[in-house]
Amino acid sequence: METDFIPWPDDSFFAGDIPFPEAAADQAIIHICTEEEYHRIRAFSSGYLKSLVDGTPQHALVPVSQTPAMSLGVAFETLAEDAFTLMQSDNEKLLSYLTKNTLQNHSKKFLERCCIKPLDLNKGAGAHAKRDAWKKENAGKTVVSLEVIFSAMQMLKSALANNGWQRHLRGQWQVVILWVEDGLPMKAMLDHHYQNLKLHFGVDIKTIGKRESKASADPHNFSRRAAGLQMDLQAAHYMSAMMQIWGEDKIAPFIWLVVEQQAPHGTAVYVASERMCQTGYEQREYAIENLKAFIQSKNRVDEFPVYSHDDVVIEPPRYHSYRTAELEGNDE
């Protein structure tokens, strides 16, 4: 059966400046790179595809501003990677760091991605030059406060006490997979991957901020948040990446390890149901079809999206019609 030809996406579709590796053009590869380099690779991620369910490539290219909750999440994830790794090799040393609250001084991942702004940086003679030198030295890092460090450490202690976290965090961290699908360059970075017998597990760590409920990571509230944030599409994208490497029959349902940012820092382990995987794959397929349509119509992203040039008749959404019908029924 003939299929429509999809040209290689123009560079305007990507925010990054690193060309897609030729090695991944013929077959999927596990690519060794830093997180910063991963985001610069010209390929489509789960975050990009999420934007195409209800938006356009222009929406996918809008940079995300880092919030305090995101900064706390980065601090926690870097500390967690080294803490769970150290737990398996030298638990006594880990306990010493936790007791003295000095893990951030010994965590390689934390020191690579985060920095703590000195309290006296803006004081004394030569403060301006000292501040500029500090900013240059720590360019690209997430700046965190001592308060953030304290919260991240409390979250970490809670996560370390969860046997489910220990059970799942026993493999490789930040595994990058690159592949071509339907003629489109794809990328995925798993927070964690491990193999148990013949099955491969993908794991994502979620730090959950406070919203409508204090117990924001309990099953009911997390399920609602997962749907709202399209985590099912993300899981489908990650599982699709893993299938490219290990085969469809070797992939286990996706795992989320969840911890609350607010006290008492509850933790949980969640696995994607069959229905959640199905909705994720359906949304992902819809996003890819939208992406192919954008590429075929005009293989270049203009500065501003145009939804229509002609007059378009719009209809009310179904739920609005149903609600109106119920109101009319109540009047009888």
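Here we summarise the structure given alongside this text. (Residues numbered from 1 in each chain as written. Predicted model: local features only at pLDDT ≥ 70, side-chain atom pairs only at ≥ 80, totals over all residues. Heavy atoms only, no water.)

1. So, the overall build of the protein chain
Rule in force here: The way it works is that DSSP assigns letters per residue, a run of H or I at least four long becomes a helix, a run of E at least two long becomes a strand, and they are numbered from the N terminus. The rule is simple: take the accessible area with a 1.4 Å probe, protein chains only, and divide by the maximum for that residue type; under 20% is buried, over 50% is exposed, in between is partly exposed. Whether two residues are in contact is decided by their heavy atoms, any of which lying within 4.5 Å being enough.
Each helix and strand counted, the protein chain has 15 helices and eight strands in total. Judged by the C-alpha coordinates and their principal axes, the protein chain covers about 65 × 55 × 55 Å. In the protein chain, which comprises 332 residues, the proportion classed as buried is 45%. Pairs at least 24 apart in sequence give 72% of the contacts found in the protein chain among residues at least 6 apart.

2. Focus on the nonpolar core
Basically, it comes down to this: We call a set of buried Ala, Val, Leu, Ile, Met, Phe, Trp, Tyr and Cys residues a nonpolar core when their side-chain atoms join them within 4.5 Å.
Counting 41 residues, the largest nonpolar core has F13, F44, L184, F222, F254, W256 and L291 as the members making the most contacts within it. Looking at this core, the elements that each hand over two or more residues are α3 (46-54), β4 (172-181), β5 (184-196), α12 (219-228), α13 (231-246), β7 (255-260), β8 (267-271) and α14 (274-297). At seven residues, α13 tops the list of elements feeding residues into this core. When residues no more than four places from it in sequence are discounted, the contact partners of F254 are L190, G202, V203, D204, A235, Y238, M239, Y270, V271 and A272.

3. Re the environment of E285
Mapped onto the secondary structure, E285 falls in helix α14. In sequence terms E285 and A236 are 49 residues apart; their C-alpha atoms lie 9.7 Å from each other.

4. Looking at the pattern of salt bridges
The condition is simple: For this document, the term salt bridge refers to a Lys or Arg side-chain nitrogen within 4 Å of an Asp or Glu carboxyl oxygen.
In the structure shown here, the tally under the stated rule is twelve salt bridges. For the salt bridge of D11 with R42, the shortest nitrogen-to-oxygen distance reads 3.3 Å. Of this pair, D11 sits in the segment before α1 (23-26) while R42 sits in the loop between α2 (35-40) and α3, placing them 31 residues apart in sequence. Looking at D11, the relative accessible area reads 43%, which means it is partly exposed. With a shortest N-O distance of 2.8 Å, E181 and R284 are connected by a salt bridge. Placement of the pair is E181 in strand β4 and R284 in helix α14, with a sequence separation of 103 residues. Just as E181 is buried, R284 falls in that class too.

5. Focus: the sheet that holds β7
Inclusion rule: Paired strands are those between which DSSP finds at least two bridges. Axis angles are defined between N-to-C directions and span 0 to 180 degrees, where every axis is a line fitted to C-alpha atoms and, for a helix, only to the segment in contact.
Read across the sheet, six strands follow the order β1-β4-β5-β6-β7-β8 without closing on themselves; strand pairing throughout is mixed. Looking at strand neighbours, the two that pair on one side only are β1 (29-31) and β8, the edges of this open sheet. Each strand axis lies, on average, 40° off the axis of its neighbour in the sheet, ignoring direction. With five bridges connecting them, β7 and β8 associate as antiparallel partners. Along β8, the bridge assignment pairs V258 with A268.

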